[in-house]
Amino acid sequence: MNKHPGLDSVDMNTPNIRAVITDIEGTTTDISFVHKVLFPYAHEQLPEFVHSHSAQPDVAEQIAAVRAELKAPDASLDKVIETLLYWIETDQKVTPLKALQGMIWADGYQRGAFKGHLYSDVAPHLRQWAEAGKQLYVYSSGSIQAQKLLFGYSTEGDLTPLFSGYFDTHIGHKREALAYQHIVSKLQLPADEILFLSDVVEELDAAKQAGMQTLQLVREGTQAGTQHACVTSFDEITL
């Protein structure tokens, strides 16, 4: 496993890693897929989707959640849609938006409008780790539904059977150690037997504070940090 110059040695080639938690954007998946495919698709489809499904209970629940965020219980449907579109344009991590995007993306995936992008090095290693008995999890700011769709309708086929579970911002914010403490509690494993993979230094910092082992994925456009071991692909990770 390649290290960033100046880092202390971190040996992942040990049997004590029992679970791997991976981020998505910039780690398993090109950020451009999210920002150039998924977000524009949701932006284009959202107005008609909300209008035509507003009476559907799961959609109505999210519309009510948007009104609650606005502190405007009587906000019109058009105002709700305007707010949702603004949140997409400004990349806001707001739970009702994530839920509605997930519903819209589900329709797109199922109709074959696109497939979930994965870097070519990801699927072979996920399969290898799962076969070796490692527990695999996803932790992303995208909703759990969106995570399952991306891996379920991926360019490498349906990878969801490989995963033991998924976490989103309901467990906590990705840059706060408390979220990773909650995940450790859910997994019921010692924190140092859990490896967290991400391209974002602040997320890795938070995971490390919670006692997890960490690796930074330095894909194209990612700046390597100095506090975590770095690799450029899953090919460089030996568990």
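Preceding this section is the structure that the text describes.
Residues numbered from 1 in each chain as written. Predicted model: local features only at pLDDT ≥ 70, side-chain atom pairs only at ≥ 80, totals over all residues. Heavy atoms only, no water.

Chemist: Where do I start with the pairing of strand 2 (residues 135-139) in this structure?
Modeler: Two faces, one strand: in a regular strand the side chains alternate between the faces of the sheet. Taken across its five residues, strand 2 has four buried, putting it largely inside the fold. As judged from the four bridges shared by strand 1 (residues 19-22) and strand 2, these two strands associate in the parallel manner. By the bridge assignment for strand 2, Thr22 is matched with Val138. Since strand 2 and strand 3 (residues 165-167) lie parallel, the crossover through helix 6 (residues 144-152) that links them has a hand, and here it is right-handed. (Buried < 20%, exposed > 50% of the residue type's maximum accessible area, 1.4 Å probe, protein only. Helix = DSSP H or I, 4+ residues; strand = E, 2+ residues; numbered from the N terminus. Pairing = 2+ DSSP bridges. Right-handed = clockwise from strand over helix to strand, strands pointing away.)

Chemist: Is there a simple way to explain the pairing of strand 1 in this structure?
Modeler: By the alternation rule, side chains of strand 1 split into Ala19 and Ile21 and Val20 and Thr22, which are all buried. With four bridges joining them, strand 1 and strand 4 (residues 194-198) adopt parallel strand pairing. What sits directly across from Ile21, in strand 4, is Phe196.

Chemist: What exactly am I supposed to notice about the nonpolar core here?
Modeler: Core analysis: the largest hydrophobic core is formed by 54 residues, its most contacted members being Leu46, Leu84, Trp105, Leu126, Phe151, Phe163 and Leu197. Counting residues per element, this core draws most heavily on helix 1 (residues 31-53), which supplies nine residues. Ignoring any residue separated from it by four or fewer positions in sequence, one finds Leu126 in contact with Leu136, Phe151, Leu159, Leu162, Phe163 and Phe234. One finds Tyr139, Leu189, Ile194 and Leu204 within the second-largest nonpolar core, a separate group that totals 20 residues. (Core = buried A, V, L, I, M, F, W, Y, C linked by side-chain atoms within 4.5 Å. Contact = heavy atoms within 4.5 Å.)

Chemist: What's the story with the packing of helix 1 against helix 3 (residues 77-89) in this structure? I'm lost.
Modeler: Pairs of packed helices are described in terms of their axes, by the angle between the two and the distance that separates them. Where helix 1 meets helix 3, the axes come as close as 10 Å, and the angle between the chain directions of the two elements is 170°. The angle between helix 1 and helix 3 falls in the class roughly antiparallel. Contact with helix 1, carried on its side by Phe39, Ala42, His43, Leu46, Pro47, Val50 and His51, involves Leu77, Asp78, Ile81, Leu84, Leu85, Ile88 and Glu89 of helix 3 and no other residues of that element. (Axes fitted to C-alpha atoms, helices over the stretch in contact; angles between N-to-C directions. Parallel < 35°, antiparallel > 145°, perpendicular 65-115°, else oblique.)

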